[in-house]
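An overview of the molecular structure
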Amino acid sequence: MRFRAKIVDLACLNHFSRIINTIARLAKTCVLRLTVCKLYFILSDKIANGGASMWCELSQGNFFDEFQMEGVAAEHNEIYLDLVPENLSRALKTAQSAKAVKIKLTNKHCPCLRVAVELPSLSSSSRIVTHDIPVGVIPRRMWNDFREPSVPDFDVSIYLPVLKTMKSVVERMKNLSNFIVIEANLSGEMNLKIETDLVSVTTHFKDLGNPPWASEDGCQSSAQGRDLESMAEACIDIKKLQQLLAGQQVNPTKALCNIVRKRIVHFILLHEEVSLQYFIPAIA
């Protein structure tokens, strides 16, 4: 089992760093799944236990100048590692003006991801700062626990408003309640609501647009025969939503959410080479 990779391009390095920062804000620990073409960061708090889950996918070719890996076996050419993303985020913070960053899986005293940051120096020799980040190797028999979460049939899919706007609304509401109701319909309308014994506050968004899901993929495609005005709603933990919005450094080109009435809110943030899915279960 071997893995080594290198980033030379500064823009790619900073972008990668921002993605890791985002992940570190969403998950204290996560699983890093390495394949020949992609990296996945996976958080699978069991939805049934009220935990949020995350699935972030990036194409390695868009970030790394070199990328070599050999999985646990020829027919299972993948590696699954348990990781504290905050540690990786910290290591990459030292790399903001680096000439190159190398990441390698090592096993001196325990399995580690070694992050070697080559910094520019005035003399001819370069300075290298290394960080050893402990990881756990996840055995093959447990891999099935980290498959991509299936997206349940949703009642409404809608584009999100500008995330900064949404973030400031949610931050204000967070001081008033622990729960927030997200509701949306197929006419591009979405409301964020909190209701307590003392106060009831609603923010309305209009003309957001609904994604044109293709009928082949089994999602509710056509709005035929459905009431476009009727709202689907789910009540979720406001802290989990705020975490998602506050941690956002990916600057998605598309951001949308799917609501399964009273069951789950599924967020999808897309940027050319990154997709981040985040599932927040509804509170009964």
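Heads up: the structure comes first, above all this text.
Owing to the predicted nature of the structure, the values given are computational and were not obtained by experimental measurement.

**A closer look at the overall build of the protein**
- Looking only at helices and strands, one finds four helices and 18 strands in the protein.
- Since a compact globule built from 284 residues should have a radius of gyration of about 19 Å, the 21 Å found for the protein is in line with a globular shape.
- Seen along its three principal axes, the alpha-carbon backbone of the protein occupies a region of about 65 × 45 × 30 Å.
- By sequence separation, contacts in the protein at least 24 residues apart represent 64% of the contacts at least 6 residues apart.
- Total accessible area on the protein stands at roughly 14300 Å², and carbon and sulfur atoms take up 49% of it.
- Averaged over its 33 positive side-chain charges, the protein has a centre that lies 9 Å from the centre of its 30 negative ones.

**Observations regarding the pattern of salt bridges**
- By the definition in use, this model includes eleven salt bridges.
- As a salt-bridge pair, Glu78 and Arg33 come within 2.9 Å of each other at their nearest N and O atoms. Taken together, the residues Glu78 in the loop between strand S5 (66-70) and strand S6 (79-83) and Arg33 in strand S2 (residues 30-34) connect sequence positions 45 residues apart. In this pair, the class of Glu78 matches that of Arg33, namely buried.
- The residue Asp155 makes a salt bridge to Arg261 at a minimum N-O spacing of 3.6 Å. Here Asp155 is found in the loop between strand S10 (136-137) and strand S11 (156-159), whereas its partner Arg261 is found in the loop between strand S16 (254-260) and strand S17 (264-271), with 106 residues between them in sequence.
- Three or more residues joined by partner-sharing salt bridges are found here, namely Glu183, Lys193, Glu233 and Lys262.

**Concerning a positive patch on the surface**
- The grouping of Arg4, Lys102, Lys104 and Lys108 at the surface amounts to a positive patch.
- On the secondary structure map, Lys104 appears in strand S7 (residues 100-107).

Reading guide: rules and limits
- Along each chain, the written sequence defines residue order, and numbers are assigned to residues from 1.
- Two thresholds apply to this predicted model, a pLDDT of at least 70 for residue-level local features and 80 or more for giving and counting side-chain atom pairs, whereas whole-chain, interface and lining totals are computed over all residues.
- No hydrogens and no water enter the side-chain calculation; it runs on all heavy atoms of the structure.
- A run of DSSP states H or I qualifies as a helix once it reaches four residues; a run of E qualifies as a strand once it reaches two. Both are numbered from the N-terminal end.
- To get the radius of gyration, use the C-alpha atoms; to get the globule rule, take the number of residues to the power 0.38 and multiply by 2.2 Å.
- Any two residues having at least one pair of non-hydrogen atoms within 4.5 Å are treated as being in contact.
- Accessible surface is estimated by sampling points in the Shrake-Rupley manner with a 1.4 Å probe; for residues, cover comes only from the protein chains shown.
- Two residue types count as positive, namely Lys and Arg, and two as negative, namely Asp and Glu; His and chain ends fall outside the count.
- For charged residues, the charge sits on one atom: NZ in Lys, CZ in Arg, CG in Asp, CD in Glu.
- In the sections that follow, a salt bridge refers to a side-chain nitrogen of Lys or Arg positioned within 4 Å of a carboxyl oxygen of Asp or Glu.
- Between buried and exposed lies partly exposed: a residue is buried under 20% and exposed over 50% of the maximum accessible area for its type, with that area taken using a 1.4 Å probe on protein chains only.
- A patch is a set of surface residues, each over 30% in relative accessible area and not in a salt bridge, joined within 9 Å for like charges and within 5 Å for the nonpolar side chains Val, Leu, Ile, Met, Phe, Trp and Tyr.

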